Amino acid sequence: MKRFLPLILVFFLVSSTVSAQTSPATDVGTIQQNLKKLNVLGSVLYVAAHPDDENTRLLAYLAQEKHYRTGYLSLTRGDGGQNLIGTEQSELLGLTRTQELLAARRIDGAEQFFTRANDFGFSKGPEETLKIWDKDKVLGDMVWVIRNFRPDVMICRFPTTGEGGHGHHTSSAILAQEAFSAAADPNRYPEQLKYVQVWQAKRLLWNTFNFGNTNTTSPDQFKINVGGYNTLLGKSYGEIAAESRSSHKTQGFGSAKQRGDAYEYFKTILGDAPKTDLMDGVDVTWSRVAGGAQITAQLAAINKTFKADSPQASVQPLLALLTKIDQTIATDKALQNVRLSQTGAADYEYWHKQKTKELKGLIAACAGLWFESYANEASYALGDIVKVRTQVILRSSLPVSVTANSSTTALVSNNLTTIDSEMPADDITQPYWLKNPHSVGFYNTEYLENDKLIGQKTLPQNIPPSVTVSFKISNTTITYQTPVEYKYTDPARGEVYQPLVIAPPVTADIADKVYVFNNTKPQSVQVKLKSFTSASGNISIKPIAGWKISPEKIDFTGKNKGDEWTVAFSVTPTDSKPNTSNFEVIATANGKSFSQGLLNIKYVHIPAITIFPPAQAKLVNIDLKTAGKKIGYIAGAGDLVPEALREVGYDVHQLTEGEIINGDLSVYDAIVTGVRAYNVNERLAYGQPKLMEYVKNGGNLLVQYNNNNGLVTRNIGPYPFTVVNQRVTEEGAKVTFTDPQNPVLNYPNKITDTDFNGWIQERGLYFVDNADSQYSTPLQMNDTGMAPNKGALIVANFGKGRFVYTSLAFFRELPAGVPGAYRLFINLLSKPKN
């Protein structure tokens, strides 16, 4: 599909993610806010490591009170975090948190940017972080953002000295300092200068903080009162900030609204220190560009004569202003480049683009123009023709005509005009950073390194397909790009907007991501197919050494759009030797082959997400013994452990509160609590006595990790212990058996060093400390340079039963098919018979 350069489309790009209307807002409060912003030529870039690191109160103040162009550069998408509301992990969590950031920005008024760094999980120091990320590449992305965004002031959330408590946090500050200077150096990343010019921000500040027991603020620091009230918005910046921060729902960051004075403190890191104002030494008026004085005068007259009950009266003066700005940039540009430095000329062109974009939005709003474009269907197959409907309505008495799809129509006030058009579905709507395989630390987007696509590489999401719509108002023609989305009516939510989906002709979803074998018996691999167009072809699994697959292929014919069907292959290990292999399903449709699945992520607080992951899964042949059969599972914040247990033959039942308190728990060979269950399930405090009774009477209770903050009870086990914020982040950290004869290391599987090979992201998190002497601690591990830690696994007999608490990251390892994690987890479920 035709796409346009991101610098032209920033307004529409941000708007297109909203699950509400995509046309410019026309309420009077927003118009007056934007009129104020039109008169401000200043920009601030805030820099941190993750979604939710940003200071939403400061962003809201800078964007909505000071009217600076305000951006947040998050170095990662938060892929390595936890998920309080669902089961998405890694890239899927990053997708979700990206949309949560965009939801936050729609509230506080800032813009969103990223580097291509991958959040690989908690890091204890910047040395590890910068090595895994590939420092030079991440720094290059930051320089690219700075040269594009051209901030007058840069602000870090964290210091370089480690008080941020996370290697990613510290690294964001280290890189920000280097990027501050590198962006102004033509010898650094010179390949970028084909598209952008060097830029030197005035100053780099650290936004000091008071978090928990860490207070980095002091009375002698530069400070700003950001607790003001905006009468046009009807909210204080503390109230706006709480709404914005509450968008981070996967992280459980719902926030209370703050009212009254509130100060933000700053320490100067590089550049001149501010004395009275954040922008000291920076001209944020139109005087910073040639010919700006006349523009200032025209804006003053527009603001003075603006009528809240008749915004259309300002359209003619706004059109004259647009003409003036265009004439100023066009008049004797050659002479302008002579009298201005190269940076000065670029600065003028930059502000011309930004303010023209804002001005066009204001003209449409004051004219009462509403316009949107929708696809007729939610999805299309690659190569199909997308039917598009553009609707326009004029809510004023101005003479306006619209041109779209080579057709010009005079608009009648308050009459809806519809224009039909078509566009090719020529690109699958896969998030640009997920199109190619990537390393642990950095997303591979080399395909963007060309004149047409390079601008996308630090944007929050793909640039959406769009329709060109031109309006002629009083002999002035203004052109807009309106994103094409799909809109439908939900019985409970009303109108819902979601991104248009362009899919492979046929998608193939493998029923399970991991198939675990502990013998040479065959298993059935089911593949669910969905057709996005009329299709015939076949499905096959690529041959894999060590495995027999039958049949070789399965044909299909006469499938229509929307058809879904399931096929099954029989897969058998050729011998009983341990073997881990990835396999790939190929869907050949209408003579072309694809190997992509279909995955939808749906939450009401963000737009629907549709991606096409590789149609791949893992076959794992393990030397695995199991004991017991029936497992009771108490849900936590969300994990895929129950599915993993079912894969190896366990009967897993999700326990309800009523079953815990009133049911017969003795029927379960083991009961498992999901990750963070004691953080998110308030009723566990009341069910805990029954669980302890279950253990005392001979049961086996396995508790997975919990956050040390927000526990519903401190008495999780039969004897005291404390959950602390300690972890081992090196997935390959050496594990020492301190109690080799402990049953959890011997029954029913003999655990050895090799069982800790191939773990992903981390060993464990939120370890325990101060464990009572009744607990045994059979494992010891530590990150490089750290003290040995025995808090990953504690085990105690209680009455006739056994209690196990583990901070090991089984919620990551089991879905990833790590053989040793399966063997150890089965042991934790299996209490030897007395």
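Relevant structure appears above.
Residues numbered from 1 in each chain as written. Predicted model: local features only at pLDDT ≥ 70, side-chain atom pairs only at ≥ 80, totals over all residues. Heavy atoms only, no water.

Residue-level account of the side chain of T115, with values.
Note on placement: T115 falls in the loop between strand 3 (111-114) and helix 5 (126-133). Among all residues touching T115, those that are not within four sequence positions of it are L73, S74, L75, V138, D141 and M142. (Helix = DSSP H or I, 4+ residues; strand = E, 2+ residues; numbered from the N terminus. Contact = heavy atoms within 4.5 Å.)

Any details on the packing of helix 3 (residues 56-65) against helix 4 (residues 90-108)? Residues and values, ideally.
Contact geometry of helix 3 with helix 4 gives a least axis separation of 9 Å together with a crossing angle of 45 degrees. Between helix 3 and helix 4, the interaxial angle falls into the category oblique. Every residue of helix 4 that contacts helix 3 at T56, L59, A60, A63 and Q64 is listed here: R105, I107 and D108. Its residues assigned to classes, the contact of helix 3 with helix 4 shows 4 nonpolar, 2 polar and 2 charged. (Axes fitted to C-alpha atoms, helices over the stretch in contact; angles between N-to-C directions. Parallel < 35°, antiparallel > 145°, perpendicular 65-115°, else oblique. Nonpolar A, V, L, I, M, F, W, Y, C, P; charged D, E, K, R; others polar.)

Before we move on, can you summarise the pattern of salt bridges with the specific residues and values?
Pairing between side chains of opposite charge can happen when the charged atoms of each approach one another. Summed over the entire model, instances satisfying the criterion amount to 30 salt bridges. Put simply, D420 and R389 hold a salt bridge, and the shortest N to O gap is 3.1 Å. Here D420 is found in strand 17 (residues 417-424), whereas its partner R389 is found in strand 14 (residues 385-394), with 31 residues between them in sequence. In this structure, the salt-bridge partner of D427 is K435, at a minimum N-O distance of 3.2 Å. Look at D427 and you get partly exposed, because its relative accessible area is 27%. Given a relative accessible area of 31%, K435 falls into the partly exposed group. Among the charged side chains, a network of salt bridges with common partners joins E54, R105 and D108. (Salt bridge = Lys/Arg side-chain N within 4 Å of Asp/Glu carboxyl O. Buried < 20%, exposed > 50% of the residue type's maximum accessible area, 1.4 Å probe, protein only.)

Summarise the environment of L369; cite the residues concerned and give the values.
Here L369 shows up in strand 12 (residues 369-375). Sequence separation between L369 and Q89 is 280 residues; the distance between their C-alpha atoms is 42 Å.

Run through the side chain of R105, naming residues and quoting values.
As for its placement among the helices and strands, R105 is situated in helix 4. Dropping the residues within four chain positions of it, R105 is found in contact with E54, T56, L59, Y72, A110, E111, Q112 and S244.

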